[in-house]
Number of protein chains: 4
Amino acid sequence: MSKLWGGRFDGATDANMDRFNASIGFDARLWRVDILASQAYAKATCQAGVITEAERDQIIDGLEQVAAEWQAGDFQLKPGDEDIHTAVERRLTELIGPVAGKLHTGRSRNDQVATDLRLYLLDAIDTLSKHLTDLQRTLVAVSEANIELIMPGYTHMQPAQPVLFAHWLMSFFWMLQRDRQRLMELRARTAILPLGSGALAGTPLNIDREALARALGFAGISQNSMDGVSDRDFVAEFLFWAAMLSIHLSRLSEDMILYANPSLGFIHLSDAYTTGSSLMPQKKNPDAFELLRGKSGRIIGNLTGLLVSLKGLPSTYNKDLQEDKEPLFDTIDTLTLALPVLTGALSTLRPRPQKMRQALDDAMLATDLADWLVARGIPFRRSHHIVGQVVQLAEQRGVSLAALTLDDLQRIHPSFDADALTVWNFERSVAQRRAAGGTAPAAVRAQIAQARALL
Amino acid sequence: MSKLWGGRFDGATDANMDRFNASIGFDARLWRVDILASQAYAKATCQAGVITEAERDQIIDGLEQVAAEWQAGDFQLKPGDEDIHTAVERRLTELIGPVAGKLHTGRSRNDQVATDLRLYLLDAIDTLSKHLTDLQRTLVAVSEANIELIMPGYTHMQPAQPVLFAHWLMSFFWMLQRDRQRLMELRARTAILPLGSGALAGTPLNIDREALARALGFAGISQNSMDGVSDRDFVAEFLFWAAMLSIHLSRLSEDMILYANPSLGFIHLSDAYTTGSSLMPQKKNPDAFELLRGKSGRIIGNLTGLLVSLKGLPSTYNKDLQEDKEPLFDTIDTLTLALPVLTGALSTLRPRPQKMRQALDDAMLATDLADWLVARGIPFRRSHHIVGQVVQLAEQRGVSLAALTLDDLQRIHPSFDADALTVWNFERSVAQRRAAGGTAPAAVRAQIAQARALL
Amino acid sequence: MSKLWGGRFDGATDANMDRFNASIGFDARLWRVDILASQAYAKATCQAGVITEAERDQIIDGLEQVAAEWQAGDFQLKPGDEDIHTAVERRLTELIGPVAGKLHTGRSRNDQVATDLRLYLLDAIDTLSKHLTDLQRTLVAVSEANIELIMPGYTHMQPAQPVLFAHWLMSFFWMLQRDRQRLMELRARTAILPLGSGALAGTPLNIDREALARALGFAGISQNSMDGVSDRDFVAEFLFWAAMLSIHLSRLSEDMILYANPSLGFIHLSDAYTTGSSLMPQKKNPDAFELLRGKSGRIIGNLTGLLVSLKGLPSTYNKDLQEDKEPLFDTIDTLTLALPVLTGALSTLRPRPQKMRQALDDAMLATDLADWLVARGIPFRRSHHIVGQVVQLAEQRGVSLAALTLDDLQRIHPSFDADALTVWNFERSVAQRRAAGGTAPAAVRAQIAQARALL
Amino acid sequence: MSKLWGGRFDGATDANMDRFNASIGFDARLWRVDILASQAYAKATCQAGVITEAERDQIIDGLEQVAAEWQAGDFQLKPGDEDIHTAVERRLTELIGPVAGKLHTGRSRNDQVATDLRLYLLDAIDTLSKHLTDLQRTLVAVSEANIELIMPGYTHMQPAQPVLFAHWLMSFFWMLQRDRQRLMELRARTAILPLGSGALAGTPLNIDREALARALGFAGISQNSMDGVSDRDFVAEFLFWAAMLSIHLSRLSEDMILYANPSLGFIHLSDAYTTGSSLMPQKKNPDAFELLRGKSGRIIGNLTGLLVSLKGLPSTYNKDLQEDKEPLFDTIDTLTLALPVLTGALSTLRPRPQKMRQALDDAMLATDLADWLVARGIPFRRSHHIVGQVVQLAEQRGVSLAALTLDDLQRIHPSFDADALTVWNFERSVAQRRAAGGTAPAAVRAQIAQARALL
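Residues numbered from 1 in each chain as written. Chains lettered and ligands numbered in written order. Predicted model: local features only at pLDDT ≥ 70, side-chain atom pairs only at ≥ 80, totals over all residues. Heavy atoms only, no water.

Visitor: Would you mind showing me how to read the packing of aromatic side chains here?
Guide: Each aromatic ring pair is described using two quantities: the centre-to-centre distance and the angle formed by the ring planes. Scanning all chains against the criterion turns up 46 aromatic pairs over all chains. Residues Tyr259(C) and Phe266(C) carry aromatic rings whose centres are separated by 5.1 Å and whose planes lie at 50 degrees to one another, so their mutual orientation is tilted. The pair formed by Tyr259(C) and Phe266(C) is uniform in burial state, with each residue classed as buried. In this structure an aromatic cluster arises from ring pairing among Tyr154(A), Phe165(A), Trp168(A), Phe172(A), Tyr259(A) and Phe266(A). Between Arg118(A) and the ring centre of Phe234(A), over which it is positioned, the NZ or CZ distance is 4.1 Å. The ring of Trp372(A) is capped by Arg376(A), whose NZ or CZ atom sits 3.8 Å from the centre of that ring. (Phe/Tyr/Trp six-rings, centres within 6.5 Å; stacked < 30°, edge-to-face > 60°. Buried < 20%, exposed > 50% of the residue type's maximum accessible area, 1.4 Å probe, protein only. Lys NZ or Arg CZ within 6 Å of the ring centre and 35° of its normal.)

Visitor: Help me understand the interface of chain C and chain D in this model?
Guide: By convention, interface size is frequently given as the accessible area that disappears when the constituent parts associate. The interface is formed by 104 residues belonging to chain C together with 104 residues belonging to chain D. When chain C packs against chain D, close to 8600 Å² is buried across both sides, 56% of that on carbon and sulfur atoms. Contact with chain D buries area across many residues of chain C, yet Gln223(C), Arg251(C) and Arg381(C) alone supply 9% of it, more than any other trio. On inspection of chain C and its partner chain D, the count reaches 14 salt bridges. Put simply, Arg178(D) and Asp227(C) hold a salt bridge, and the shortest N to O gap is 2.8 Å. Here chain C and chain D share 54 residue pairs in polar contact (both at pLDDT 80 or more) between them. For the side of chain C that touches chain D, the element with the highest residue contribution is helix α10 (residues 233–260) of chain C, accounting for 13 residues. Taken together, the residues of the side of chain C that touches chain D break down into 41 nonpolar, 39 polar and 24 charged. (Contact = heavy atoms within 4.5 Å. Buried area = accessible area lost by both parts, 1.4 Å probe. Salt bridge = Lys/Arg side-chain N within 4 Å of Asp/Glu carboxyl O. Polar contact = N/O pair within 3.5 Å; in protein donor to acceptor, adjacent residues only side chain to side chain. Helix = DSSP H or I, 4+ residues; strand = E, 2+ residues; numbered from the N terminus. Nonpolar A, V, L, I, M, F, W, Y, C, P; charged D, E, K, R; others polar.)

Visitor: Please explain the packing of helix α10 (residues 233–260) of chain A against helix α11 (residues 287–310) of chain A as it appears in this structure.
Guide: Between two packed helices, both the angle of their axes relative to each other and the distance between the axes serve to describe the pair. Residues and elements named next belong to chain A. α11 packs onto α10 with a crossing angle of 160 degrees between their chain directions and a minimal axis gap of 8 Å. Classified by the angle between their axes, α10 and α11 sit roughly antiparallel to one another. As for the relative orientation of α10 and α11, their crossing is left-handed in sense. Of the residues that constitute the contact of α10 with α11, the class distribution is 17 nonpolar, five polar and three charged. (Axes fitted to C-alpha atoms, helices over the stretch in contact; angles between N-to-C directions. Parallel < 35°, antiparallel > 145°, perpendicular 65-115°, else oblique. Left-handed = near helix turned anticlockwise from the far one by under 90°.)

Visitor: Teacher, can you tell me more about the domain arrangement of chain A here?
Guide: Examined at the domain level, chain A breaks down into domain 1 (13–105), domain 2 (110–358) and domain 3 (361–424). Placing a centre on the C-alpha atoms of domain 1 of chain A and another on those of domain 3 of chain A gives a separation of 77 Å. (Domains from an automatic or database assignment.)

Visitor: Help me understand the relation of the copies chain C and chain D, please; the structure alone is not making it clear to me.
Guide: Turning one copy of the chain about an axis and sliding it along that axis gives the other copy, so a rotation and a shift relate them. Rotating chain C by 180 degrees and translating it 0.0 Å along the rotation axis places it on chain D, where the RMSD comes to 0.1 Å. The transformation relating the two chain copies, once decomposed into turn and shift, fits a two-fold axis. Of the interface residues in chain C, 100% have counterparts in chain D that sit at the interface too, so the contact is made through matching surfaces. (Least-squares fit on C-alpha atoms with pLDDT ≥ 70 in both.)

Visitor: In this structure, what is going on with the interface of chain B and chain A? I would like to understand it.
Guide: Each partner contributes residues to the interface: chain B has 104 residues there, and chain A has 104 residues. Counting the surface lost from both chain B and chain A, the interface buries some 8700 Å², and carbon and sulfur atoms represent 56% of this. Its largest share of buried area at the contact with chain A, chain B owes to Gln223(B), Arg251(B) and Arg381(B), together 9% of the area lost on that side. The tally of links between chain B and chain A comes to 14 salt bridges. Note that Arg182(A) is salt-bridged to Glu237(B), the shortest N-O span being 2.9 Å. In this structure, the connection of chain B to chain A is made through 54 residue pairs in polar contact (both at pLDDT 80 or more). Here the element with the most residues in the side of chain B that touches chain A is helix α10 (residues 233–260) of chain B; it accounts for 13 residues.

Visitor: Help me out: how do you make sense of the relation of the copies chain B and chain A in this one?
Guide: Superposition of chain B onto chain A requires a rotation of 180 degrees combined with a translation of 0.0 Å along the rotation axis, giving an RMSD of 0.0 Å. Looking at chain B, 100% of its interface residues are interface residues in chain A too, so the copies touch through the same face.

Visitor: Any chance you could explain the packing of helix α3 (residues 31–47) of chain B against helix α5 (residues 84–96) of chain B here in plain terms?
Guide: Residue and element names in this part refer to chain B. Between α3 and α5, the shortest axis-to-axis distance is 10 Å and the interhelical angle comes to 60 degrees. With respect to each other, α3 and α5 are oriented oblique. As α3 packs across α5, the resulting crossing turns out to be right-handed. Across the interface between the two elements, Trp31, Asp34 and Ile35 from α3 touch Ile84, His85 and Val88 from α5. A per-class count over the contact of α3 with α5 returns four nonpolar, one polar and one charged.

This is the structure we're talking about:
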C-alpha cells in the first residue's frame, strides 16, 4: 500500500506501527466535515488562481460522491487509509484521477485536521446546547408544578432549614445556566479557522482566508500559523466545560440517589430510569443517576488526559496531538446520551410530600427561634447560644423543640414569650426568606420567572 | 476555648480534630476581604433596620481597628480561632463588646466565605491580568526587535520549513491572548455576590442584595441561595484557566530549553535566569524554564484535586468545600511569581542568528520545490512524490539538496528548469507565505500591529 | 550573596528568579536526613581515602552542631541559602572553615537530594504504618464489640440484604490491609540508595556504595547513575498509595455521613469529632468525615500533579523534579493527621441499633424467599421472577412482604407452603451466609480472628 | 424484550436509558472468562449439592457451545442483552432450557463481574509481562552491541558529562525492572477470588470458595463479601502501574525525539517506525515516539478517571463501578500495542557515533578538572570555583577548554601542572566512574550482566 507521504521512504512501515499510528478507527466520523472543508478549500484555491473552475467542479463533485458513499455506508476502507483525510483523498483520486492531487495544494493535514475538528465540535456544541435547554426547561417545569412543597434542606447532610423542593431543584438550573454561558463563550473560540496555516508556516497561495472562514461558518481566522496548527485550547476548554457540567450532574445525582433511599424517600423514580438486580427480586436501583455520577470520572479523566498530552510539547504540530480526538469524541458521545437520560428521569420522577414532611424536624427551626430573639434586640451571637441551650434541653429530654413549654424556654432566657412559639411552623420559616435568591415561595416564583426569561 | 457554634455541645473537640478542622493556617490571608465584606454587610443590615446607625458605626470602626492590627502584623491568634471569620469576630468582640454579636445576624459562614473568596480572587485576577499584559508586551517587543531573523521551524521536532524567529515568538502571544479572554470571562462569573444566601435558605432580613453587591464591587447577585453557598465553579474555572495558561508556558519553556541546548543554540539566556551546578563548574542551566514547565504539573494537580473534591457532593455546603482554598491560593501564588520571571527571562534572552542559520537545511525548502512544480501545472500530490525522490537522491549521495544539479533534477522529472534552482533561498521561502497568519515579514508585521492594537 | 555554583557566573540572578528557584521554604524539613546522609558520606569518603580521619571527624562534629542548631530552632537562614543542602554546607563552612568544602567531593545535589528524600519518606512510611495499624485495630475492636448487630446492607444505596454492622465495618479493614501490603512493597523500593550517582555519571571515587547503603539503613543501591538521580517512582508510588487509601477513607466517610443523617440515623458521632454552625444553633455536623472525604481530592491532585511534572522529561535530572517535594510533604502531613482523627472518630462513635432495625424491611428478605423456592427445585431464574411478583403484589397493596398470607403466595406459585413464611427473619437470613467472607456471625468471627492474626 | 431482573417492574425502560445503561458494547470481550467462571461455578454448586451432576453437565456443555459461537464470531446479540452475563445466560437458556436458570443460584452479577474482570486482567498481565521482557531484552542487546560508544550526558538538557550510550539506554532497563516488580505484586492482589460474595452479603450455599479459587487459577479468596463486590483496587493499581510505565516510555521517547533532531542527530530511526508529511516531501517524523509520549496522557487520564469514579462511593456495589471497564480495556489495548512498537523501534535504530562525538565538548570535563584539583588536596568547593573561572576564561576567549594553555590555567591557580591537561579526554572521564552504577565500561558491563541475570 502506498502512503500520501511515501516519496522519500524506502522501507515499509512495520505492521504494528501502522496500527499504532492509524487514526482512521476513530477519526472516520469526521468524514462529513472533512469533505465540507475540502469543498470550500477547492473553491478558495480556485479563486486564488491555483486550480481552474473545471478542476474545482471536478473536485467538488467527486467529493460529493465520496460523501454519498459515506452517507450510504458504502465507503470501503483500504489498507493505507491511515486517517480520514487520506481515505477521502485516496477515494477521490480513484473517482476523478490525478486532478484530485491538486486539492491538497498549500494545505497540510496539520491545518486540515484542526479545521475538521473545529467544525465537528461546533456541530456538537449546538446539539448539546439544545439538550441543555431541554434539561433546564424540565427543571423549571417540575419546580413550577410543585411550587409549594416543603422539604428538609441539608448542609453537611444534616438537617439545616426547611426549603422549597422547587428551590432545591432550581439551584441546579443556575449551575446549568453557568454551563450554558461558558459553552457559548468557548463556541466563539472554537469558531476560528486555522485552514491556510499550512504545515506550520502559512500558505504561499493567495487565499482569502477570511472569505474561506465565512464560507465554512467560522467567525474569524487564526492569526499565527504556528499557533494555528497546534492550538488545542478549544478541545481542552470543551473538556473542562464538560467536566464542570459533569460535576453539577454528579451533585444532582448524589441528591437523587440519597432521596430515593427509602429512609429519606423524598422521590419516587420511574421504572423507565431504574433497573433491577439479577439476584435480589425486590431491587429497584437508581442506575441512571449512579451512571451520571460515575461518568464524571470518565470526563474528568478525559480532561486530565488531554492536558497531560499537551504539557511540555515543543511548538507547532507534534504527533502527540493525535490524542486529542478520542477524549473529545467520548465526551461528546457521553453527554449527548446523558443529558436526555437525565431530562427523562427528572420529568418522570414524582416527589413524595409525606416523606418530606416526615423528615422535617422542629430543630430545623432553631435559627428562626434565634432570629425571634434578635428581633427582641438580643445580639445574634447571644441568641445563637441561647437557642443552643434550648436544643440541648430538648435533646436531653428526647423531645422535639416544639414540645418544650414556654416555661422551659423562659427558664433558659426570660425574653421568650408566647409569640416565640409561633416559630414552630415550617411554612412561616420558608416564607420569611423572601429576599432575592431566598427560599420563600415568592422569591422562588421570581427565580422561575427569571429562568423562563433566560430560556 | 469557646467556639462560635458551641451552644449545644457538651464535649470538647479532640485536639487532632481541631487541627484537622482549622483553616486559619491558610485562610488568614482573607482578612482584608473578610473585613471589607463585613463592613459592607453592617451597612446593609443597618439599612434593613436590623441594627442602628450607632451600632453600625461601632462595628465598622471596630473592624477598621482589627484591619489595622492585621495590616501591622499585630493581630494575635488565639486558640479557638478556627478560621479567619471566627478570628475577626472574636477580636471585634474583644474590642467593642456584645454589639459585635449583631454583625453575624442573618449571615452564615457559608455565604460569608464564598463572598470573601470571590473578593480575593477578583483582586488576584486583576494582578495576574497585569502580569499577563507585561508578558505579552515583552513578546511583541522582542519580536519586533528581531523581525527579519530566520530560524528553522519544526514539526515533530524535525526540520520543516524556515520561519521568522518573530513569528515563532508571536505564536505564544496568541495563546496568551486566548488566556486573557478567558480570564475576563471568568472574572465576570466571579463577580457575583453570594452574601445574603444565609446558610442555605436565604436571609430573613430585608437586605437589598443588589445594593450590597454594588457596594462591594460585584456585578450581580446569585439567584438561588442553595447554589450561592456551594457554587465553586469560579474556583474550578480559574484553576482550569491557570492550567491552560501553564500548558502554554510549558510549551514555550520546552522550546526555550531545547533552543538553549548548544547543539541547537538558538538562544542565549541571561545569567539572571539560569543557575549552575553544585558539582559541574561549567553548567549554566535554564532553571527558570524548567520550573515553568514543571509547575504545570502542580497547577493541573490543583485543578484535578478540586474537581475530585467537588464530585458527587450532596447539595449546598459540605465541609469538603474547605478544600477549595489551598489549591486556589497556591495557584495564584505560583503564577504571580512565574509570570514576571518569564517576562524577565524573555526580555533578557539574546537570539543567536548564526546558530539558527547553521541549523537551516535546504531540505526545509523541499515544499517550495514542490510548489514550484505545482506552478508548472503538476498536481501537488505528484509534485510531492517527485520531490520525495529528489530528497532521497540527495540523501543517498550524502549531499544537501542545493548540491544537486539541474541535470540530477531533470533525470527525476523533465519539468525542472534552471528557475527551479531559485527555490534554494530561505528568505524567498519565508517571504512567500504572506497570507494572513503566515510567516512572511509583511504578515508578521501585520500580526504585531494587530497585537499592539489588542494590548 | 554567593552561590555554591557561582564560579562561572557574571551576573546576579534576578530577585524574582531567586524566589522562584529557591526550595528552602519547603525543603528545610529535610535538615535531619540531609545531615545524617552527609555524615555517612563523610565516613565513606574517608574510607575511600578522599579525606583524612581528622577531616572526617571535623566534618561530622560540625554537622552535629548544625543539627543541634536546627533542633533547637536556632538555625539562621541567610540570603543565598537556596535549599537545605546549600544552607547546611554554608553553615558548616562558617563553623569549620574550608575543610567543609571537602564534603561535597564526588557528590552532586542531584544524588544528595534523592537520598535525603528517600530517607525522609522511609521515616514517614513507618509513622503512617503505625497509624494504619491503630486504625485497623479500632475497626476490629468496634466490630467485635457489636458483633451481633444487624443493619441494612445497601447496594446502589437501595436496601439489599441484612448484614452485620461488624461485617460492614470489617469490609474497611480489608481495604486497609491491601493498603498496608502496598505500603510495605513500596517501602522496599524506597529503600534503594542513589548516593554515589554523582550528577548523572556516577562517582569517580572508590566509594563502597553497598556499605554506605547499609550505614544509612537502605536495603540496596541503585544500579544506574542516570536513573539514580532522576528516579522519582518512589514518590509517585507513594502518592498513588495515598490516593488509593484516601479513596477507601472517602468511601468509609460517605457511609458515615449518610448513616449520621437522622433519617437513617445508624450512628451517633461524638461531640469530639463534630462541629456546629455559626448560624444554625441545632447543627452537629460530621466535619471529620467530610474533610476525610474532601481530602481525597487534594491527594489525588498531588498524584496527578507529580505525574504531569514527570511526563516527557528528558533523561536524568531536570529542575522540574524540584516539584516532587511539596506534593509529597503535603500528602504525608495530611495523612499523618487524618488517620488518627479517623481512629478517634471511630472509637468514639456509637451504633444506634433501634434505627438500624427500623430501616430493615422484609423486602430485603426477598432473595431468601427465592432461595427457599430454589431449595424446592425451582431454577433460580424462575424463583427470582416469582418473588418479583410477590414484591409487586405487596407494593400494590402497600404492605410489607411478611403481611402477605400463604394464600397470597400460593396464588402466585403453588410451591409455597407454611415453611416459606419462616424466611421473614433477619437473623435467619444473616446466619445462612456462613461461607467464607459471608455475613453470618460465625463467618464474621472468623474474619475477625484472621484480622487479629494479621495485626 | 425481557430483562433478567424484570419480575417486579411494570414499565419498560426508556430507550435512551437502555443505551446509557448497557455495557455489552464494551464488556463483550469478557465472554471467554465469563464462561470459564460460570463453568467452574456450576461445578462448585454441584459439589455443594445445589444442582445434580446431570444438570452440571448440561450447563457446562451448553456453555461450551456458547463459547464456540463467540469464538466463531457467530454469537448473535439480541435486544435485552444488556451485558455479557445476561447475553450468555440468555443464550444458554435458548440452548438448554430452564435448567440454565439454575446457574445463577447464589450468585449475583456483582460477584460475577468482579471475577470476570480479574480473570481478564490476569491474562492481560501475563501478555504485558512478556512484552515488557522483550523490551528489556532489546535494551540489553542494543546496549551490549554498542558498549564503548560515548555520548554527551545531559542534565537540564545542558551538556553535563560524557556517558556511555549503553549506560543511557540501560537507565531505562531499570525503570522497566521496577515496573516489572510492581506488575508482579499487583498480579498477586488481582488473583483473589470474589465469587461467592453474592450481591453483597455472601452466599447461602455451602460452596468451597477455596477450591473454586484454585479451579480458576486464583491464589486466594476475598475475606469480606461487601468488600469483595466493590473492590476495584486491582483496577486502579493496574492503571497506576500503566501510568508509571507510560511516564518511563514518555521520557525515553522525549530523548529519542530530541536525539533524532538533526542538530543533535545521535540516532537514526528506521523507516519502519517513522512517517512522512502530506505537505513536506523531506519529512521523516519520529511518530512512534511522539505517540508513545502522547499516550501517557491517555493512560494518566484513565487512572484519574477511575479514581474520580470511585471517590466517595457508598459501600458495596454502585452502578458507578461500571465505569471501571473502559479505562482498563483501553489501557491494556494501548500498552499491548505500544510495547512491541517500542521494541521494534529500538531494535531498528542506529546510533550515529560521529554526531555524538561532535556534541561532546571539553566543558563536559570541567568536573574532571575539579576532581584533579581535589586530588591535589584542594577542597572540592574551592576547586569548583577555580574551574568556574577556567570556564569563564574560555568563554570570554570563545575557545574550548582544552585550548587554554597551562599558563592560562596557572594564572588562575598555581596548583595546575602539565598533568592537568590529561583530563581533556572523554574516554578517561568515563572510565573513572567505575563504582557500582557508574558509566565506566566495566561498570556498565556489570550492569548488563546483572540485567541478564534478572531476565
